[in-house]
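# Architecture at a glance
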Amino acid sequence: MPKISIKEAELKLQEKIKKSQKRLKKLRQNRKSEIGALAISLGLDKLDDEALKKAFKDIAEKHLGNAA
C-alpha cells in the first residue's frame, strides 16, 4: 500500500470536510422546513412576526433555559 503525501492527505480531508458541511447545511435546511411545516399545521402562520418571536423565545426559555 503506497503512502500518500501530507498534501494529498490534507486535500482528502478538506474534501471530506466540504462534503460534511454540505450535508450539515442540508440537514439544517430540512429541520427549518420541518419546524415551519409544524408551525403552519398549528395555524401559527396567522400570527405576526412579533407574536411568533415572543412565543419562540418563551419556548426556548422554558425548554432550553435560554434567556435571549
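Look up: the structure comes first, before these words.
Residues numbered from 1 in each chain as written. Predicted model: local features only at pLDDT ≥ 70, side-chain atom pairs only at ≥ 80, totals over all residues. Heavy atoms only, no water.

Here the focus is the overall build of the protein. Per the secondary structure count, the protein includes two helices and zero strands. Dimensions along the principal axes, computed over C-alpha positions, put the protein at roughly 60 × 25 × 20 Å. Expressed as a percentage of its 68 residues, the buried residues of the protein come to 4%. Here the protein has roughly 6,800 Å² of accessible surface; of this, 61% comes from carbon and sulfur atoms. (Helix = DSSP H or I, 4+ residues; strand = E, 2+ residues; numbered from the N terminus. Buried < 20%, exposed > 50% of the residue type's maximum accessible area, 1.4 Å probe, protein only. Areas by Shrake-Rupley, 256 points an atom, 1.4 Å probe, with all protein chains shown as cover.)

Among the surface-exposed residues, Ile-35, Phe-56 and Ile-59 lie close enough to one another that they form a single nonpolar patch of about 270 Å² accessible area. When you line up the elements, Ile-35 lands in helix α1 (residues 6-41). For Ile-35, a relative accessible area of 40% gives the class partly exposed. (Patch = residues over 30% accessible without salt bridge, like charges linked within 9 Å, V, L, I, M, F, W, Y side chains within 5 Å. Salt bridge = Lys/Arg side-chain N within 4 Å of Asp/Glu carboxyl O.)

Tallied over the entire structure, the rule returns four salt bridges. The partner of Lys-46 in a salt bridge is Asp-45, and the shortest N-O contact between them spans 4.0 Å. We classify Lys-46 as exposed; its relative accessible area is 70%. Accessibility expressed as a relative area gives 48% for Asp-45, which makes it partly exposed.

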